[in-house]
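A look at the structure
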Amino acid sequence: MMKKYMLLAIIIMALLFTSCQSLTGSQTSERRPSREKTKIVTMEAEVEEIDLQERTVTLRGSLGNLVTLKVDSQVKRLNEIKRGDIVQANYWTYIFSEFRSPTPEEEKNPIVVYADADIAPAEKPPGASAGIVVRAVVTVEIINRADKLVTIKGPKGKYLTLPVEDKSLLEDLKVGEIVIMTY
């Protein structure tokens, strides 16, 4: 249990370090300040899919929402989790968006992933805690102002649609705009 809290503290410190580094190490757009949001998500979910080769687990929440989690190689008992198992997932979500041009280093490495994990002891039921922080150069692909949604495309060609709480952010956002996101 102590390891879980220690890992959570490390993740929070990494997020704070990353966001502080972003604020001090880069120049934000004059027309739009950087945005930051954190949220704790707790969900009871059913294991929908397990990919042992890719080491991912897809969970389905009570509202039908899906989340796919990458499982760190330190987790040795992933094969004990089966489709249909009910698990409790507690995780932080974090997004820090910078509306600026990427630095030369970010252009060279448009995606950086930081990860850490811990596992339950063998005498306990299968379980793990993990944290991943990703910094990516993304492109705005679709803006749905009516529903306050923005679809971004990451450096690996994957798409993600995000809700936007502050409608004023959408007023001057443009398709094709580059955003540096830490999440």
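Scroll up to find the structure.
Just so we're clear, the structure is a prediction, and the values are computed from it rather than from any experiment.

**Concerning the pattern of salt bridges**
- Scanning the model with the defined rule gives nine salt bridges in all.
- A salt bridge links glutamate 106 to arginine 100; its shortest N-O distance comes to 2.8 Å.
- Classification of arginine 100 by relative accessible area gives buried; the value is 9%.
- A salt bridge links glutamate 106 to arginine 135, with the nearest nitrogen and oxygen atoms 3.6 Å apart. Placement of glutamate 106 in helix H2 (residues 104-108) and of arginine 135 in strand E6 (residues 128-144) is noted, with a sequence separation of 29 residues between them. Each of the two residues, glutamate 106 as well as arginine 135, counts as buried.
- Taken together, the salt bridges that share partners define one network made up of Glu98, Arg100, Glu106 and Arg135.

**Considering the side chain of arginine 135**
- For arginine 135, a relative accessible area of 15% translates into the label buried.
- Of the polar contacts made by the side chain of arginine 135, one reaches the side chain of glutamate 98; its length is 2.7 Å.

**Here we look at the environment of isoleucine 142**
- Of note, isoleucine 142 is situated in strand E6.
- Separated by 19 residues in the primary sequence, isoleucine 142 and threonine 161 place their C-alpha atoms 8.6 Å from one another.

**Brief notes about the nonpolar core**
- Counting 15 residues, the largest nonpolar core has Val150 and Leu173 as its most contacted members.
- Listing elements by their share of this core, those giving two or more residues are E6, strand E7 (149-153) and strand E9 (178-182).
- With five residues, E6 is the single largest residue contributor to this core.
- Ignoring anything within four residues of it in the chain, the contact list for leucine 173 reads Arg32, Phe99, Val140, Ile143, Arg145 and Val150.
- If you look at the next biggest cluster of nonpolar residues, it comprises 10 residues, including Met43, Leu59, Val67 and Val75.

Definitions and limits used
- Positions within a chain are numbered from 1, following the residues in the order the chain's sequence is written.
- A pLDDT threshold of at least 70 governs which residues receive local features in this predicted model, and a stricter bar of 80 or more applies before side-chain atom pairs are shown or counted, although totals over entire chains, interfaces and linings include all residues.
- Neither water nor hydrogens contribute to the side-chain values; these are computed over all heavy atoms in the structure.
- Any carboxyl oxygen of Asp or Glu within 4 Å of a side-chain nitrogen of Lys or Arg constitutes a salt bridge here.
- The buried label applies to any residue whose accessible area, calculated with a 1.4 Å probe on protein chains only, is under 20% of its type's maximum; exposed applies above 50%, and partly exposed to all values in between.
- Helix and strand definitions follow DSSP, with helices as H or I runs of at least four residues and strands as E runs of at least two, each counted in order from the N terminus.
- Counting of polar contacts relies on pairs of N or O atoms within 3.5 Å, with two restrictions inside protein: one atom must be capable of donating a hydrogen and the other of accepting it, and residues adjacent in sequence are counted only when both atoms are side-chain atoms.
- Remark: nonpolar core denotes a set of buried residues (Ala, Val, Leu, Ile, Met, Phe, Trp, Tyr, Cys) joined through side-chain atoms within 4.5 Å.
- In this analysis, two residues are considered to be in contact whenever any of their non-hydrogen atoms come within 4.5 Å of each other.

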